[in-house]
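# Coordinates in review
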Amino acid sequence: MVIERQAGQLHTSVLLPECIHYLAPQAGKVYVDGTLGLGGHTEAILDASAPDGRVIAFEWDGSALQYALQRLDRFKDRLTVVRRNFAELAEGLDEIGVQEIDGLLIDVGVSSLQLDLGERGFSFQRDELLDMRMDNRGKTTAEAILASCSEQELADIFYYYGEERQARPIANAIIEYRKKEQIRTTKQLVSIVAHAVPKRFHPKRIHVATKVFQALRIAVNTELENLARILDDGVRYLKPGANFCVISFHSLEDRIVKRKFRNNELLDVLTGRPVQSSPEEIALNPRSRSARLRVAQKRISNAH
């Protein structure tokens with residue numbers, strides 16, 4: 001299978017040493033990886049917490065889950081996998097009878113598997129159907145949003161989720177295009193965006209459609225709502241002194257994490273500024289350039 005052959009080559013876990021440093025996994029303790037993905041962070045936590053540390057890993061992408069389970073087979077007696085989004089942390093932990101944990105990590109970026117092998121329309125590099133669901137059990141697709149939302153709704157999605165300054169002309173161009181033809185593929189959407197944005201406003205460092213694709217992905221998967229939920233719920237399950245590590249990849253996410261950590265009276269922020277990838281890591285994995293790690297610790301004195 002293509003995914004099985006290539007996923008290991010594609011996937012490089014971001015800020016791995018830094019995450020392990022802050023989580024400080026120990027034997028006999030229980031950790032949650034809220035985004036199992038292809039298993040890199042989980043594998044490192046299990047290695048560092050040998051011989052009897054335990055990881056509960058959440059993952060809602062079936063393709064990633066299939067690969068990760070093969071990769072982590074040797075840890076199966078210490079690994080529990082929950083097929084849910086991390087926003088459902090409370091439900092997942094309650095199902096398996098876990099009431100408190102010794103550390104929590106989430107990585108809210110899109111994985112290389114989804115970008116490069118997913119064939120779900122996350123990337124504009126190839127012509128694919130505009131699906132963008134991280135969990136194929138979900139009902140809403142990018143195609144459905146483009147077909148059903150009003151011009152104002154589309155402009156809001158692009159502006160608030162993508163921070164796209166040309167949101168209005170792009171939304172207008174989509175409405176005009178869909179009067180003639182349904183927007184079903186990434187190629188169609190890229191062409192619409194490229195023609196809607198005047199050449200003088202085309203960004204120099206990123207593709208003109210980057211922010212629109214980001215915004216649609218966030219909307220399809222309710223990513224910001226999910227992030228806000230785990231930032232609230234996750235703290236309840238942390239033992240006093242346990243650390244909460246969050247890796248984000250764009251400013252919208254990072255601002256939410258910063259605000260939630262700072263405003264939670266049960267937390268002490270350990271990273272005044274977010275931890276970023278080293279030049280060496282960026283050279284090996286260019287996608288790590290935008291990664292930001294923030295860490296907070298549950299207070300010992302007034303923890304409930």
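Residues numbered from 1 in each chain as written. Predicted model: local features only at pLDDT ≥ 70, side-chain atom pairs only at ≥ 80, totals over all residues. Heavy atoms only, no water.

The end-to-end C-alpha distance of helix α12 (residues 223-237), which contains 15 residues, comes to 21 Å, matching closely the 21 Å that a straight helix rising 1.5 Å per residue would cover. Among the residues making up α12, those that are buried are Glu223, Leu224, Asn226, Leu227, Ile230, Leu231, Asp233, Gly234, Val235 and Tyr237. (Helix = DSSP H or I, 4+ residues; strand = E, 2+ residues; numbered from the N terminus. Expected span 1.5 Å × (residues − 1). Buried < 20%, exposed > 50% of the residue type's maximum accessible area, 1.4 Å probe, protein only.)

With that settled, the discussion passes to the side chain of His250. Structurally, His250 can be placed in the loop between β5 (238-248) and α13 (251-263). Ignoring sequence-local partners within four residues, the contact set of His250 consists of Gln214, Arg217 and Ile218. (Contact = heavy atoms within 4.5 Å.)

This part is about the pairing of strand β7 (residues 292-298). Successive side chains on a regular strand alternate, one facing one side of the sheet and the next facing the other. Within β7, 5 of the 7 residues are buried, which leaves the element mostly enclosed by the surrounding structure. Inspection of the sheet shows β5 paired to β7 by 6 bridges, in the antiparallel sense. Note on β7: the bridge partner recorded for Phe244 is Ala296. (Pairing = 2+ DSSP bridges.)

A word on the packing of aromatic side chains. Ring pairs (aromatic) are described by centroid distance and by the angle formed between their planes. A complete count under the given rule lists 3 aromatic pairs for this structure. Relative to Phe213, the ring of Phe124 lies with its centre 5.3 Å away and its plane at 80°, an arrangement referred to as edge-to-face. Of this pair, Phe124 sits in the loop between α6 (112-117) and α7 (142-148) while Phe213 sits in helix α11 (residues 210-220), and the two are 89 residues apart along the sequence. On the accessibility criterion, Phe213 (3% relative accessible area) is buried. (Phe/Tyr/Trp six-rings, centres within 6.5 Å; stacked < 30°, edge-to-face > 60°.)

To continue, consider the packing of helix α2 (residues 16-23) against helix α3 (residues 40-48). Packing of α2 against α3 brings their axes to within 10 Å, and their N-to-C directions diverge by 45°. Relative to α3, the element α2 lies oblique. α3 is crossed by α2, and the crossing has right-handed handedness. Along the contact surface, α2 presents Leu16, Cys19, Ile20 and Leu23, while α3 presents Gly40, His41, Ala44, Ile45 and Ala48. Tallied by class, residues from the contact of α2 with α3 come to 7 nonpolar, 2 polar and no charged. (Axes fitted to C-alpha atoms, helices over the stretch in contact; angles between N-to-C directions. Parallel < 35°, antiparallel > 145°, perpendicular 65-115°, else oblique. Left-handed = near helix turned anticlockwise from the far one by under 90°. Nonpolar A, V, L, I, M, F, W, Y, C, P; charged D, E, K, R; others polar.)

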